[in-house]
Structure formats: C-alpha cells, structure tokens
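Coordinate analysis (summary)
As a plain string of letters, each chain reads:
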Amino acid sequence: MREVSRKNWLTPDDVASIEDDFCISKPTQARLRGARKIPYVKMGRQIRYERAKLVEWMQSHEVVA
C-alpha cells in the first residue's frame, strides 16, 4: 500500500489527516461538498478527491496579504 503523501486519490480521512497539505476537517469537507465548492468524485457511497484538483482548488482560494 502506498503512503498517503503519494496517493493520487484521497479519502476524506486522508484529507483531514494530511496536516502539511490539506488538514480540512471531515465536517468542513461535507459542508463544502454540499455547497459544490470543492472538487470531488463520488463512486457509489465512496467520496474521493483527486490530489491535483484539490491542490489547484486550494491555490485558487489563496488570500494574498
């Protein structure tokens, strides 16, 4: 099994636990998915995030000071 930092498709648990990259809590992920504000794929009952699209989404929401 590959370690989380190298996976292309991430689970909600992965996104919540990768502190250096994402660290978005599962309730926040659910709220963002419900509002259609975060890119995700639903396969049956499983939610997956494509790492590259999630990184791109986060960069597009960067607040420049």
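For the structure given in this document, a descriptive report is provided here.

Calculation rules
- Residues numbered from 1 in each chain as written.
- Predicted model: local features only at pLDDT ≥ 70, side-chain atom pairs only at ≥ 80, totals over all residues.
- Heavy atoms only, no water.
- Helix = DSSP H or I, 4+ residues; strand = E, 2+ residues; numbered from the N terminus.
- Core = buried A, V, L, I, M, F, W, Y, C linked by side-chain atoms within 4.5 Å.
- Buried < 20%, exposed > 50% of the residue type's maximum accessible area, 1.4 Å probe, protein only.
- Contact = heavy atoms within 4.5 Å.
- Pairing = 2+ DSSP bridges.
- Axes fitted to C-alpha atoms, helices over the stretch in contact; angles between N-to-C directions.

A word on unusual backbone geometry
The phi torsion at Cys23 lies on the positive side, around 55°, for a residue other than glycine. Summarising the element assignment, Cys23 is placed in the loop between α1 (12–17) and α2 (26–34). Residues other than glycine seldom take positive phi values, yet Arg36 does so here, at roughly 55°. In this structure, Arg36 sits in the loop between α2 and β2 (41–43).

Digging into the nonpolar core
Listed in full, the 11 residues of the largest apolar core are Leu10, Val15, Ile18, Phe22, Ile24, Leu32, Ile38, Ile47, Tyr49, Leu54 and Trp57. When contributions to this core are tallied by element, the ones reaching two or more residues are β3 (46–50) and α3 (51–60). Among all residues touching Leu54, those that are not within four sequence positions of it are Leu10, Val15, Phe22, Ile38, Pro39 and Tyr49.

Description of the sheet that holds strand β1 (residues 9–10)
Reading across the sheet, the 3 strands line up as β1-β3-β2 and stay open at both edges, with antiparallel pairing between neighbours. Strand pairing shows two members of the sheet lacking a second neighbour, β1 and β2, which therefore form its edges. In this sheet, β3 lies alongside β2 in antiparallel orientation, the contact comprising 3 bridges. Across the sheet, the residue bridging to Val41 is Arg48, located in β3. Strands in contact with α3 are β1 and β3; relative to β3, the strand with the most contacts, it is inclined by about 65°.

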